[in-house]
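Secondary and tertiary structure notes
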Amino acid sequence: MSDNDNKKIILPYSISVRELAEKMDASPIDVIKVLMANGVMASINQTVDFDTAAVVVSELGFEPELLEIKEEEPEEVGEVPLWRRVIEDEEEENLVPRPPVVTMLGHVDHGKTSLLDAIRHANVAGGEEGGITQHIGAYQVEHNNRKITFLDTPGHAAFTSMRARGAQGADIVILVVAADDGVMPQTREAANHAKAARVPIIVALNKMDLPSANPELAKQQLSEIDLVSDEWDGDTIVVEVSATKMDGLDDLMEAILLVADNQNIKANPKGEVLGTVVEGELDKFRGAMATLLLQNGTLKVGDTILAGQSYGRIKAMFDYRGNRIKKAGPSSPIVVMGLNDVPRAGDIFKVVESEKQARAILSDAEGEQEAQETVQRATLEDLFERLQAGEEQELRLIVKADVQGSLEPIVNSLKELGEKQSEVSISILHQETGNITESDVMLATASDAIVIGFAVDADNAAERLAEVEGISLRKYTIIYRLIEDIEKAIMGMLEPEMVEQTIGRAKVLATFKVSRFKMAAGCRVIEGELRRNARIRVIRNDKVLYDGNIGSLKREKDDVREVREGFECGVALRQFHEFREGDLLECYTVEEEKIL
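Residues numbered from 1 in each chain as written. Predicted model: local features only at pLDDT ≥ 70, side-chain atom pairs only at ≥ 80, totals over all residues. Heavy atoms only, no water.

Some remarks on the pairing of strand 21 (residues 348-352)
Sheet topology places strand 13 (residues 274-283) next to strand 21; three bridges connect them, and they run antiparallel. Across the sheet, the residue bridging to Gly 275 is Phe 349, located in strand 21. Sheet topology places strand 16 (residues 304-307) next to strand 21; four bridges connect them, and they run antiparallel. Counted as the bridge partner of Ala 307 is Phe 349 from strand 21. (Pairing = 2+ DSSP bridges. Helix = DSSP H or I, 4+ residues; strand = E, 2+ residues; numbered from the N terminus.)

Observations concerning the packing of helix 8 (residues 185-196) against helix 14 (residues 438-447)
Running from amino to carboxyl end, helix 8 crosses helix 14 at an angle of 10°, the nearest separation of the two axes being 11 Å. Looking at the two axes, helix 8 sits roughly parallel to helix 14. Counting all contacts with helix 8, which are made through Glu 189, His 193 and Ala 196, the residues of helix 14 involved are Ser 439, Asp 440, Leu 443 and Ser 447. When its residues are assigned to classes, the contact of helix 8 with helix 14 shows two nonpolar, three polar and two charged. (Axes fitted to C-alpha atoms, helices over the stretch in contact; angles between N-to-C directions. Parallel < 35°, antiparallel > 145°, perpendicular 65-115°, else oblique. Contact = heavy atoms within 4.5 Å. Nonpolar A, V, L, I, M, F, W, Y, C, P; charged D, E, K, R; others polar.)

Quick look at the environment of Lys 245
When you line up the elements, Lys 245 lands in the loop between strand 11 (237-240) and helix 10 (249-263). For the pair Lys 245 and Asp 209, spaced 36 residues apart in sequence, the C-alpha separation works out to 7.2 Å.

Overview of the nonpolar core
General note: in soluble globular proteins, nonpolar side chains tend to be found buried as a group. With 29 residues, the main nonpolar core has Leu 115, Ile 119, Phe 150, Ile 174, Ile 202, Leu 252 and Ile 256 as its most contacted residues. At the level of secondary structure, the elements contributing two or more residues to this core comprise strand 6 (101-106), helix 6 (112-123), strand 7 (138-143), strand 8 (146-151), strand 9 (172-178), strand 10 (201-206), strand 11 and helix 10. Looking at this core element by element, the count peaks at eight residues for helix 10. Beyond its immediate sequence surroundings of up to four residues, Ile 256 is in contact with Pro 100, Val 102, Ile 148, Phe 150, Ile 172, Ile 174 and Ile 202. (Core = buried A, V, L, I, M, F, W, Y, C linked by side-chain atoms within 4.5 Å. Buried < 20%, exposed > 50% of the residue type's maximum accessible area, 1.4 Å probe, protein only.)

Structure follows, in structure tokens:
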């Protein structure tokens, strides 16, 4: 290696002062001094762009060079939706271009809904504003004689819940970023959800009409989450818009059509009828109503459809303006009536021969569906077995930590671990500070990923969803244990975790003697149940006085195995007899559980 190579420093589009100092093996203080001498006031954690960093590097005797962005094939995450597989199996000569389907994601209050409204009122295909009589969750606009379908369900929660049920309604995601606010936590989260779905992203820089708008800073922040503007030789189209002034909407439409042309979005109007449920509701006058997005084939009034657990013969069909129609083609948003029940958003629908066949399909699928819901989740414990069987080559992770100072070393250590061995690649779908949320679990469900938390808790909604979806949440307080568990999982050496499960609580109502020296407690079960073979704690004033086995459990003088909520019972313990009225008894089990 030459001396010139030793002096060369490769820099990204943006870099923090701390990272810049580390690259040159220099003191951050020296870097800050050079920045101040050039009129830039920056703290140690603040980021600077390439041009500014290049000045510092040059003044400290190094040669700056811009990091080349290598184009990589997007990683395939999760299962390809059924309707996409059907279209892929169609003969090429039968496929025709269809309108692209677009959804908007982004941080709260960055203007997703305002932008959707602005586009709808300016461009609704074939109808005036007054013609829009109802909100159906989807609509079409027309630009340069080409239609674009918008899903009016902003928010990555709705987007990801559709993916979790096997759907992927959008062909293109518009990430809405406020020009005065820049990239926020939900922006990063939404971008990661779109990347995990392998959907191309267009950034709409909204609120450009505000005096505080700073588009260059926003673009710099976007580059830090791997969304580099095409103006900076990146791959992401960034369009400056104002929903309130209705500026830049035509440019946004052009960008959508440009990306759509590159995606080769097609369908077969004469092929198998298949699509996604956008939303459903129960109308007190018309019964179950479902908003559908047709993705292949042609749907007609009189067809019988099966949508998730709902089915029925279509009695009437309406377009997105509320007009009655008799048939609809690919990428059409429609409302249908005639189903026996309200389907869930994200359910896949298809045409079947009859309602009898629909009932038979549902009956056959019940057991298979239950098995899939419990088997298809990623666990660290079974990762090695799946690897050995050739079923898994990638470990997908969602990492949450208490502070950025913890998150960075964890992520770096995991990446280094992935580089050390070739058997399993480690892909971090989402990394963020803060507690584990419902959105994290939804992303794990949709992408077959694993959620890891460091020095954080999981909120109640996340815990409930994780239980329903069969995803365990593993939390750590020591970084090396976290890394060690991942490494052991890859090497097939991870031991199952012993997990405590509270099954019931009881309150002591009275005490009574059972012998000269022993006391028992008369209790009422206030939650769950008490079990004879489980463990129990005696809690008084939030302090645990006893933790051990139950000696005896009686109900009306009879020995019983369990006592359920609402009933009274007598409890005696082998090594504790000092009960008092008001004591809380907490019954629990300790079981072996698959890790994550």
